[in-house]
Amino acid sequence: MADVERPVKNKRASSCETPDDYSIYLPSDWARTTDMPFRIADYREAGIFRDEEQRTLAEKHGLSAEHVNELSLLVGNALDVGSYVTFVRISRSRVQRDLERAFNRERLRADPLLDDIGVLNQVFAALSLPYFVPMPEDSSDAVHMAGPPEAIWGTGTRDLAISGPHIPVTLNVARKVLVPDNRRNEYDSRRRFVVQQCCYVALDAGWQLSFTTDARLTRDQRTGPLVELIKDVLRLVTDPPQLISGETIIGDIKIARTSIARNGDYPALK
């Protein structure tokens with residue numbers, strides 16, 4: 001079996017960031033999302049599928065017990081609470097731009113993800129920004145603003161002390177500026193990471209990363225052994241179970257194939 005790179009935490013900092021512009025990463029379970037309802041938990045390298053689910057996958061898709069166990073481990077790692085794909089990125093420069101737009105009375109169209117005032121203020125602090133949402137007990141000369149907890153990544157060894165006065169903003173503005181830089185990408189990345197783990201196991205089982213290519217077929221008719229395996233996996237790891245179109249899965253397979261080939265994990269892939 002090939003030595004597959006397991007999902008690990010990754011700050012994913014942009015190479016374009018400067019010391020004055022950096023990103024932080026929030027656990028996605030802090031956010032109120034409408035993403036696919038993945039079963040994110042602490043799987044402790046024990047895999048995500050129950051014994052019965054593993055037997056069903058093996059029988060239906062002709063996979064060995066070893067390959068299904070590998071699939072359970074890899075997908076579990078991908079959806080583990082500590083996996084980097086369960087974190088959302090917020091960059092300081094983008095928040096500053098959105099705040100300026102809000103102060104200029106421009107309309108912000110972002111869908112809010114955070115509701116708790118305490119969490120919002122912790123995120124402002126983690127970004128070393130002097131803004132805060134007043135709490136009911138705040139007075140003009142006493143701002144209660146806790147520092148960011150360890151759950152927020154990206155603060156590193158930076159000095160988070162903010163000089164000068166703190167600037168109050170409304171709850172509505174804070175909720176609309178403290179959102180992921182690319183919400184759609186954050187959502188897609190989690191699903192695509194699961195698909196990539198399925199592709200690793202398919203290659204280990206001797207499968208081709210192939211699918212039907214007949215353009216006359218509708219979205220739901222695009223199929224193939226790998227597509228059907230991924231559909232079943234996504235149904236098992238979402239609650240309630242989600243049905244994904246074959247066209248979406250094929251797009252994810254193409255991305256996974258390119259990534260695997262680029263990583264050099266399987267030299268036969270070109």
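Residues numbered from 1 in each chain as written. Predicted model: local features only at pLDDT ≥ 70, side-chain atom pairs only at ≥ 80, totals over all residues. Heavy atoms only, no water.

## Description of the overall build of the chain
- Helices and strands together make up the secondary structure of the chain, namely eight helices and four strands.
- In sequence order, the secondary structure elements of the chain are arranged as β-α-α-β-α-α-β-β-α-α-α-α.
- Out of the 270 residues in the chain, the part that is buried amounts to 49%.
- Taking contacts inside the chain between residues at least 6 apart in sequence as the whole, the part at least 24 apart equals 78%.
- Working note: accessible area of the chain is about 14,100 Å², and carbon and sulfur atoms make up 49% of it. (Helix = DSSP H or I, 4+ residues; strand = E, 2+ residues; numbered from the N terminus. Buried < 20%, exposed > 50% of the residue type's maximum accessible area, 1.4 Å probe, protein only. Contact = heavy atoms within 4.5 Å. Areas by Shrake-Rupley, 256 points an atom, 1.4 Å probe, with all protein chains shown as cover.)

## Considering helix H7 (residues 225-236)
- An ideal rise of 1.5 Å per residue puts 16 Å on twelve residues; H7 measures up with 17 Å between its terminal C-alpha atoms.
- For H7, the set of buried residues is Leu 226, Val 227, Leu 229, Ile 230, Lys 231, Asp 232, Val 233 and Leu 234. (Expected span 1.5 Å × (residues − 1).)

## Digging into the confidence of the model for the chain
- Taken over all residues, the pLDDT of the chain has a mean of 79, while the share at 70 or more is 71%.
- In the model, residues 1-19 has pLDDT below 50 throughout and makes 38 contacts with residues more than four positions away in sequence or in other chains.
- The low-confidence segment residues 140-145 (pLDDT under 50) makes 15 contacts with residues lying over four places distant or belonging to another chain. (pLDDT = per-residue confidence, 0-100.)

## Structural notes on the environment of His 61
- Of note, His 61 is situated in helix H1 (residues 51-61).
- The exposure class assigned to His 61 is buried, which follows from its relative accessible area of 12%.
- For the pair His 61 and Leu 229, spaced 168 residues apart in sequence, the C-alpha to C-alpha distance is 6.8 Å.
- Discounting chain neighbours no more than four positions away, the residues touching His 61 are Trp 207, Pro 225, Glu 228, Leu 229 and Asp 232.

## A few points about the nonpolar core
- Grouped together as the largest cluster of nonpolar side chains are 41 residues, with contacts concentrated most on Leu 71, Leu 226, Val 233, Val 237 and Ile 253.
- Sorting the residues of this core by element identifies H1, helix H2 (65-78), helix H6 (183-204), H7 and helix H8 (246-263) as the ones contributing at least two each.
- With nine residues, the single largest contributor to this core is H6.
- Setting aside anything within four residues of it in sequence, one finds Leu 71 in contact with Phe 49, Leu 57, Gln 197, Cys 198, Val 201, Leu 229 and Val 233.
- With 23 residues, the next largest nonpolar core counts Ile 90, Leu 129, Tyr 131 and Val 177 among its residues. (Core = buried A, V, L, I, M, F, W, Y, C linked by side-chain atoms within 4.5 Å.)

## What to know about the side chain of Ser 72
- Along the chain, Ser 72 turns up in helix H2.
- A distance of 3.0 Å separates the side chain of Ser 72 from the backbone nitrogen of Phe 49, its partner in a polar contact.
- What Ser 72 contacts, discounting residues up to four positions off in sequence, is Gly 47, Ile 48, Phe 49 and Gln 54. (Polar contact = N/O pair within 3.5 Å; in protein donor to acceptor, adjacent residues only side chain to side chain.)

## Notes on the state of the cysteines
- In total, this model carries zero disulfides according to the counting rule given.
- With no disulfide of its own, Cys 198 lies closest to Cys 199 among cysteine sulfurs, the gap being 6.9 Å. (Disulfide = S-S within 2.5 Å.)

## A short note on the pattern of salt bridges
- A complete count under the given rule lists 13 salt bridges for this structure.
- For Arg 175, the salt bridge identified is with Asp 115, shortest N-O distance 2.9 Å. Linking Arg 175 in helix H5 (residues 171-177) with Asp 115 in the loop between helix H3 (92-103) and helix H4 (117-126), this pair joins segments that are 60 residues apart in sequence.
- According to the relative accessible area criterion, Asp 115 is partly exposed, its value standing at 39%.
- Here Arg 191 ties to Asp 252 by a salt bridge, and the two come within 2.6 Å at their closest N and O atoms. (Salt bridge = Lys/Arg side-chain N within 4 Å of Asp/Glu carboxyl O.)

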